[in-house]
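A closer look at the structure
In case you want the letters, here they are:
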Amino acid sequence: MLQPSFLSRIPRRWRLVMIVITCTILVLQLSQNILINSFNKPERLKETDDIIALIPNQTTFQRLKKPLLGDPDFTSSLPQLQYTFKPENSTEKSKRESRKQSVKKAFLHAWNGYNNHALGFDEIAPLSNRTKNTFGGWGATLVDSLSTLLVMELNNEFTAALPEVAKIKMVVDQNVSVFETTIRYIGGLLSAYELSGEKALLVKADQFGEMILPAFDTPFGLPYHTWNSAKQKGTNNHTLVADVGTVQLELITLSFHTRKPIYAEKAQKITEFLDSVGYAHGLFIPGLYPSGINLYKGRFTDAVCTFGAMGDSVFEYFLKEHVLLDGSVRQYSRMYIEAIDNMKIHMLQQLPGTSLLFLPPFDTRKKTFKKSMDHLTCFAPGMLAMGATLLDRPEDMIIAKGLLETCVYMYRTSSTGLCPETWLFPATEPYNPLTYSLSDEEMAGSHEWWYNTQLPPPPLKEKFPAKQTDIFPDIFKFNSSSKNTIEGLMATDRRYLLRPETVESLYILYRMTGDTKYQEYGWEIFEAIEKWCKTPSAYASIRNVNILEIYEQNIQDNQLDSMESFLLAETFKYLYLLFSPTDHISLDKFVFNTEAHPFMRRSWA
């Protein structure tokens, strides 16, 4: 006789309850998976799968007679970025040309110091004249300077540098950053190739590309943070979102010129990954990508989103991929808009009663922010200004100007006229376009009008004009010797590392608005660099931007024995372009990689 089963001994009504509960759990789990996978994203656009089809079977690139003016046959389908400048008079031209030549002279001082003491090494130590190899020992300053030599029309110096580039050997038995190799070496070589037509530079860029390709062979196509080409091995499974999201311009351009789709495929696979992640991968707010990634698990390792160190350039590249491909792949602009919209909602802070805006790191899980900001974030004004015009987002231009004034404020209120690496800011409030930059009196008047129907409406606030100098309060009108006038706004890391981000944004805002105050800001910064950073052989970072006056007689005591290659690749290039003719490397003809190497814009249809 068969024994009754365990289930048969359970009353029928309880068995039904168990079945209902089990089915409910399964349905909820299925619904959760669907929600996680979709993460409220629109249907993936078909053209994102067609990126490789844009790579030509054979390159149509030809050396141009006037390469600094871009491709004369290219007409973008995107809106015009540059302001329509009026012809300058003789006085304006003389002033601009004098400043341009001063920047060129400063660049040559640093270049000659490197050329005499450290040629072939990555960097010169500007105080001791020793050499440093921090980026593979392939000559980072050499390669990073090539496009600047061409932009400044230093053709003899460029030609003399080519034999040194030819000496570069690819394989080294050390761990080298894939990100830095891509933006400095591949980016620098490709830009110099486009500006000069020297085929050897493209060959060398291709060799670097082949060297790093194995670093992308990971489960999700995310490259290792560092790669040893001799051992064919990455160091660990941790990388940064800025590292993986800032190789696309270079690899797509490398595919264009070499006719090798593999580079663009690797770049696009990373973009597809970022476009697909959701809550299950540690993304708590769409578009606000945390900085750390486990490249084996394909998920974020922290919750902090930042437009500064470790996160900055991934957002920059969403927009610049849109520019590089002339809007032919809508995925990039969609991802950029999603990120910027949520940045404005969750991250952007305003200081009441002023036009200062702050963009601090933000914990996307806890919904809290650090009351700090770093100089690297000062690239964002230029990015936002470009996005405002390209994607018809006028509010973003107002935000760009406010953020840039904050960066300039940190320069102009230090005793050296230079910006600290990081700073703390006082009590702020979330950005609100209705109250941003209103004084206490204006706020009180608006409050009274809202609750008293007998009062006439307050006057409409004047919109930000395209070209006007005095749009910000008197708080910004001071010379560089003054001190911080806002209580609680103070430098934390007081070093100045010769960084380019603020002058990058000044160049972009000047080219887009025509407002000459951005040239004046840039000139103040250049004069401060000349005073505090110049050494007999090059330029040095400084220890403390708020140095006491007694040290002015012995400036070297405040200097550090360090000059990164981005001074020559970026800082001096952007300052030079700030005072160049406005058709010289036009924003409508070129797009810069994150190391300030200009790539030519072209049609991709």
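Please read all numbers here as calculations on a predicted model, not as lab measurements. Residues take numbers from 1 onward in each chain, read along the sequence in its written order. Residue-level local features of this predicted model are given only where pLDDT is at least 70; pairs of side-chain atoms are given and counted only at 80 or more, and the full residue set underlies all totals for whole chains, interfaces and linings. Hydrogens and water are ignored here; the side-chain numbers use all heavy atoms of the structure.

A word on the overall build of the chain
A helix here means a DSSP run of H or I that spans at least four residues, while a strand means a run of E at least two residues long, and both kinds are numbered starting from the N terminus. Summing up its helical and strand segments, the chain has 17 helices and 19 strands in all. Three labels apply to residues, based on accessible area from a 1.4 Å probe with only protein chains included: buried if under 20% of the type maximum, exposed if over 50%, partly exposed otherwise in between. The burial tally for the chain puts 57% of its 605 residues in the buried class. The protein chains shown are the only cover counted for residues, whose accessible areas, like all others here, come from Shrake-Rupley with a 1.4 Å probe. Total accessible area computed for the chain in this model is approximately 26400 Å², and 54% of it derives from carbon and sulfur atoms.

What to know about the sheet that holds strand β4 (residues 226–228)
Paired strands, as defined in this entry, are two strands with at least two bridges between them according to DSSP. What the three strands build is an open sheet, ordered β3-β4-β5; its pairing is antiparallel. Strands at the two margins of the open sheet, each flanked by one partner only, are β3 (176–177) and β5 (233–234). Pairing analysis gives two bridges linking β4 to β5, with the strands arranged antiparallel. Residue pairing in the sheet places W227 in a bridge with G234 of β5.

Remarks on the side chain of H375
Its place among the elements puts H375 in the loop between β14 (372–374) and α12 (380–390). The class of H375 is buried, set by a relative accessible area of 1%. As used in this structure description, the phrase polar contact means that two N or O atoms lie within 3.5 Å; if the pair is within protein, one of them must be able to donate a hydrogen and the other to accept it, and residues adjacent in sequence are counted only when both atoms belong to side chains. Looking at H375, its side chain comes within polar contact range of the side chain of E501, at 3.0 Å. Only heavy atoms matter for contacts: two residues are in contact if any of them lie within 4.5 Å across the pair. Filtering out sequence-adjacent residues up to four positions away, H375 remains in contact with Y411, C419, P420, E421, W423, R499, E501 and T502.

Observations concerning the sheet that holds strand β17 (residues 490–491)
Judged by pairing direction, the sheet is antiparallel, and its three strands sit side by side in the order β14-β15-β17 without closing on themselves. For this open sheet the edge positions go to β14 and β17, each flanked by a neighbour on one side alone. Bridging between strand β15 (residues 422–424) and β17 involves two bridges; their strand directions are antiparallel. Across the sheet, the residue bridging to L424 is M490, located in β17.

Looking at the packing of aromatic side chains
What characterises a pair of aromatic rings is the spacing of the ring centres plus the angle enclosed by the ring planes. Any two of the Phe, Tyr and Trp rings considered here, Trp counted by its six-membered ring, make a pair once their centres fall within 6.5 Å; the pair's planes then place it as stacked at under 30 degrees, edge-to-face at over 60, or tilted in between. Applying the stated criterion across every chain yields a total of 25 aromatic pairs. Ring centres of Y518 and Y521 lie 6.3 Å apart, and the angle between their planes is 75 degrees; this geometry places the pair in the edge-to-face category. Taken together, the positions of Y518 and Y521, both in helix α16 (residues 517–533) and three residues apart, correspond to about one turn of that helix. The class of Y521 is buried, set by a relative accessible area of 10%. Through successive ring pairs, a cluster of aromatic residues spans Y83, F85 and Y510. In our convention, an over-ring charge means Lys NZ or Arg CZ found within 6 Å of a ring centre and within 35 degrees of that ring's normal. Lying across the ring of F135, R184 places its NZ or CZ 4.0 Å from the centre. One Lys or Arg, R602, reaches over the ring of F256 and ends 4.2 Å from the middle of that ring.

Examining the nonpolar core
Only buried Ala, Val, Leu, Ile, Met, Phe, Trp, Tyr and Cys residues count toward a nonpolar core, and they belong to the same one when joined by side-chain atoms within 4.5 Å. One finds Y289, F307, M383, L418 and F572 to be the most contacted residues of the largest nonpolar core, which totals 176 residues. Setting aside residues up to four positions removed in sequence, F572 forms contacts with V103, A106, F107, A110, M152, F526, Y539 and L567.

Things to note about unusual backbone geometry
The phi torsion at K367 lies on the positive side, around 60 degrees, for a residue other than glycine. Along the chain, K367 falls in the loop between β12 (362–363) and β13 (368–369). Although it is not a glycine, S437 sits at a positive phi angle of roughly 70 degrees. Counting through the fold element by element, S437 comes out in the loop between β16 (429–430) and α14 (440–451).

Topic: the state of the cysteines
A pair of cysteine sulfur atoms is labelled a disulfide when the two atoms are within 2.5 Å. In total, this model carries one disulfide according to the counting rule given. The disulfide that involves C378 links it to C407, with 2.1 Å between the sulfurs. Disulfide C378 to C407: torsion about the S-S bond roughly -100 degrees, handedness left-handed. With C378 in the loop between β14 and α12 and C407 in helix α13 (residues 394–412), this residue pair connects regions lying 29 residues apart in the sequence. C378 sits in the buried class, given a relative accessible area of 0%. A residue is classified by how much of its surface remains accessible, and C407, at 0% relative accessible area, is buried.

Quick look at the pattern of salt bridges
Pairing between side chains becomes possible if they bear opposite charge and their charged atoms approach one another. Salt bridge criterion: a side-chain nitrogen from Lys or Arg within 4 Å of a carboxyl oxygen from Asp or Glu. Summed over all chains, the structure comprises 26 salt bridges. Close ionic contact of E88 with R96 constitutes a salt bridge, the shortest N to O distance being 2.7 Å. Taking relative accessible area as the criterion, E88 reaches 38% and is therefore assigned partly exposed. Among the salt bridges present, the one from E180 reaches R184, with a minimum N-O distance of 2.7 Å.

Quick word on the confidence of the model for the chain
Of the residues in the chain, 84% have a pLDDT of 70 or more, and the chain-wide mean is 89. Predicted confidence for residues 460–482 stays below pLDDT 50, and this span has 49 contacts to residues more than four positions away or in other chains. Every residue carries a pLDDT, the predictor's confidence in it, which falls somewhere between 0 and 100.

Comments concerning the layout of surface pockets
Grid spacing is 1 Å over the protein atoms alone, the probe is 1.4 Å, and a cavity is where that probe fits but cannot get out, while a pocket is an open set with protein on both sides within 12 Å along at least five of seven lines and lining residues have an atom within 4 Å of a point. Grid points are joined across faces, edges and corners, and a volume is the space filled by probe spheres set on the points. Reported here for the second largest pocket is a volume of approximately 560 Å³. Together, 25 residues line the second largest pocket, and F179, E180, D312, L376 and R499 are the ones closest to its centre. Broken down by secondary-structure element, the contributors of at least two residues to the lining of the second largest pocket are α5 (178–196), α7 (241–244), α10 (312–324), α15 (501–513) and α17 (566–578). When residues of the lining of the second largest pocket are assigned to their parent elements, the largest contribution, four residues, is made by α5. The class makeup of the residues in the lining of the second largest pocket is 10 nonpolar, four polar and 11 charged. Side-chain classes follow a simple rule in which Ala, Val, Leu, Ile, Met, Phe, Trp, Tyr, Cys and Pro form the nonpolar group, Asp, Glu, Lys and Arg form the charged group, and the remainder, Gly included, forms the polar group.

Comments concerning the packing of helix α11 (residues 330–346) against α12
Contact geometry of α11 with α12 gives a least axis separation of 12 Å together with a crossing angle of 120 degrees. In the crossing of α11 with α12, the sense of the turn from one axis to the other is left-handed. For the pair formed by α11 and α12, the contact residues are Y336, I340 and M343 on the first element and M383, L384 and G387 on the second. Considering only residue class, the contact of α11 with α12 consists of five nonpolar, one polar and no charged. Axis definition: a line fitted to C-alpha atoms, limited for helices to the stretch in contact. Angles are taken between N-to-C directions and run from 0 to 180 degrees. We call a crossing left-handed when the near helix sits turned anticlockwise from the far one by less than a right angle, and right-handed when that turn is clockwise.

Section: α11
Here the expected span of a helix is defined as 1.5 Å times the quantity of residues minus one. With 17 residues, α11 should reach 24 Å at 1.5 Å per residue; the first-to-last C-alpha distance of 25 Å fits that figure. Residues of α11 that are buried include every one of Q331, Y332, S333, R334, M335, Y336, A339, I340, N342, M343 and K344, and no others. Tucked inside the fold, the buried residues of α11 contact α8 (248–258), α9 (261–276), α10, α12 and α13.

Remarks on the side chain of K344
Along the chain, K344 turns up in helix α11. A polar side-chain atom of K344 sits 2.8 Å from a polar atom in the side chain of D396. Setting aside chain neighbours within four positions, we find K344 in contact with R393, E395, D396, I399 and Y431.

Remarks on the packing of helix α3 (residues 140–151) against α5
Contact pair α3 / α5: the axes reach a minimum separation of 8 Å and the direction vectors enclose 30 degrees. Regarding the angle of α3 to α5, the classification is roughly parallel. You can see that α3 and α5 cross each other, and the crossing is left-handed. Contact residues: α3 offers A140, V143, D144, L146, S147, L150 and V151, while α5 offers R184, Y185, G188, L189, S191, A192, L195 and S196. Should an angle lie under 35 degrees it is considered roughly parallel, over 145 roughly antiparallel, and from 65 to 115 roughly perpendicular; all remaining angles are considered oblique.

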